[in-house]
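# Understanding the architecture of this molecule
Here is what each chain is made of, one letter per residue.
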Amino acid sequence: MERLNVERGTFKELLPSRLVVMEEHARVLSPIRHLELDSLPCLEHLWKSNSQLDQALQTLETLRVHNCGSLIYLAPSRASFQNLTNLDVWNCERLVKLVTSTTAKSLAQLTRMSIKDCGMVTEIVANEGEGKKDEIVFSKLEILELHLLPSLTSFCSEKHSFDFPSLVEVTVSQCPEMKFFSNEALSTPKLRRVNLTKVEKKNFNTTIQQLSTQTVSTDQPFQFLQTMK
């Protein structure tokens, strides 16, 4: 099964942890590469921690989750998405934090991340409570879009450093509470465009200066943009 589209269901869990996955079933699940979930108002999580199911979904290349108002989290804290290239999450009202730092480290193939209209999301990469300062590398991420996230305060509030060696464009729009991107070192050597609309201006300027190497685009330019050469 290369592609799985699920729409308009009332179940709470896409892949129940109580399901006993036999070897022949695992072979059926393993080829899923594109998963799209839309209008599932009761869905709370895709699956709970289960090694067989974790392995079955490691082949995912595209994950789109739209209109899932009860979704609490995308995946277990140790989930790996090592083949994922496109992540699109939209209108998930109960979602607070997108992925853990462990999961974020597995996103080496991700090229595009778009998170939109999720009213309770406070950060994208969440704290796991271990207090470790790690470097998280998004090796192939080229486009990052954060739109209509009224509770978002940062990309990550923990003291992880981030390396985005392929990032070209960042869009942050209608995120009025976002005060900083991350607490530690941030590397974006190829970044060429930062689009800003309605973000917290007091403490966000420094981050934008770090992010921007050449061109910054915004509907209402910050004061520091007027002095940039």
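Residues numbered from 1 in each chain as written. Predicted model: local features only at pLDDT ≥ 70, side-chain atom pairs only at ≥ 80, totals over all residues. Heavy atoms only, no water.

A separate point is the side chain of Thr103. Counting through the fold element by element, Thr103 comes out in helix H3 (residues 101-105). Taking relative accessible area as the criterion, Thr103 reaches 2% and is therefore assigned buried. Here Ala79 takes part through its backbone oxygen, which lies 2.9 Å from a polar atom of the side chain of Thr103. Excluding residues within four positions of it along the chain, Thr103 makes contact with Pro76, Ser77, Arg78, Ala79 and Phe81. (Helix = DSSP H or I, 4+ residues; strand = E, 2+ residues; numbered from the N terminus. Buried < 20%, exposed > 50% of the residue type's maximum accessible area, 1.4 Å probe, protein only. Polar contact = N/O pair within 3.5 Å; in protein donor to acceptor, adjacent residues only side chain to side chain. Contact = heavy atoms within 4.5 Å.)

Moving on, we get to unusual backbone geometry. At Arg8, a position not held by glycine, the phi torsion is positive, near 55 degrees. With respect to the secondary-structure elements, Arg8 resides in the loop between strand E1 (3-7) and strand E2 (13-15).

Residues Leu37, Leu98, Met113, Phe138, Leu146 and Phe155 are the most contacted members of the largest nonpolar core, which totals 56 residues. Among the elements that line this core, the one with the most residues is strand E13 (residues 169-175), at three residues. Not counting residues within four places of it along the chain, the set of residues in contact with Leu98 comprises Leu74, Leu87, Val89, Met113, Ile115, Glu123 and Ile124. (Core = buried A, V, L, I, M, F, W, Y, C linked by side-chain atoms within 4.5 Å.)

A few words on the sheet that holds strand E14 (residues 186-187). Spatial strand order, E10-E12-E14: three strands in an open sheet with parallel pairing. Of all strands in the sheet, those with a lone pairing partner are strand E10 (135-137) and E14, marking the two edges. Relative to strand E12 (residues 161-163), E10 is paired through three bridges, and the arrangement is parallel. Within the sheet, the bridge partner assigned to Ile136 lies in E12 and is Phe162. (Pairing = 2+ DSSP bridges.)

A word on the confidence of the model for the chain. Residue-level pLDDT values for the chain average 80, and 75% of them are 70 or greater. Considering each helix and strand of the chain separately, the mean pLDDT is smallest for strand E16 (residues 215-218), with a value of 44, and largest for strand E8 (residues 112-116), with 98. Considering only residues more than four positions removed or in separate chains, one finds that residues 18-28, a stretch of pLDDT under 50, has six contacts. Overall, residues 213-229 carries pLDDT values under 50, and its contacts beyond four positions in sequence, including any with other chains, amount to 29 contacts. (pLDDT = per-residue confidence, 0-100.)

Quick look at the side chain of Ser154 now. Within the secondary structure layout, Ser154 lies in the loop between strand E11 (143-147) and E12. Assessed through its relative accessible area of 0%, Ser154 is described here as buried. A polar side-chain atom of Ser154 sits 3.4 Å from the main-chain amide nitrogen of Ser157. Those residues in contact with Ser154 that lie beyond four places of it in its chain are Thr122, Glu123, Ile124, Met178, Phe180 and Phe181.

Pairing geometry for strand E6 (residues 86-90) and E8, over five bridges, is parallel. For Asp88, the partnering residue across the bridge sits in E8 and is Ser114. Where E8 lies against E11, five bridges are found, and the strand directions are parallel. In the strand pairing of E11, Met113 is matched with Leu144.

Let us now look at the packing of aromatic side chains. Within a pair of aromatic rings, the relevant descriptors are the distance that separates the centres and the angle that separates the planes. Within the structure shown, the criterion is met by eight aromatic pairs. Judged by centre distance (4.7 Å) and plane angle (5 degrees), the ring pair of Phe155 and Phe181 falls under stacked. Taken together, the residues Phe155 in the loop between E11 and E12 and Phe181 in the loop between E13 and E14 connect sequence positions 26 residues apart. What makes Phe155 buried here is its relative accessible area of 0%. The exposure class assigned to Phe181 is buried, which follows from its relative accessible area of 2%. Considering the side-chain rings of Phe164 and Phe181, the 6.0 Å spacing of their centres and the 75 degrees angle between planes classify their relative orientation as edge-to-face. Note that Phe164 is positioned in the loop between E12 and E13 and Phe181 in the loop between E13 and E14, a separation of 17 residues in sequence. The exposure class of Phe164 is buried, given its relative accessible area of 0%. (Phe/Tyr/Trp six-rings, centres within 6.5 Å; stacked < 30°, edge-to-face > 60°.)

Here we come to the pattern of salt bridges. Throughout the structure, instances matching the rule amount to ten salt bridges. Here Arg64 and Glu36 are joined by a salt bridge, their closest N and O atoms 3.4 Å apart. With a gap of 28 residues between them, Arg64 in strand E5 (residues 62-66) and Glu36 in strand E3 (residues 34-38) connect regions that are remote in the sequence. Note that Arg112 and Glu145 form a salt bridge whose closest N and O atoms lie 2.9 Å from each other. (Salt bridge = Lys/Arg side-chain N within 4 Å of Asp/Glu carboxyl O.)

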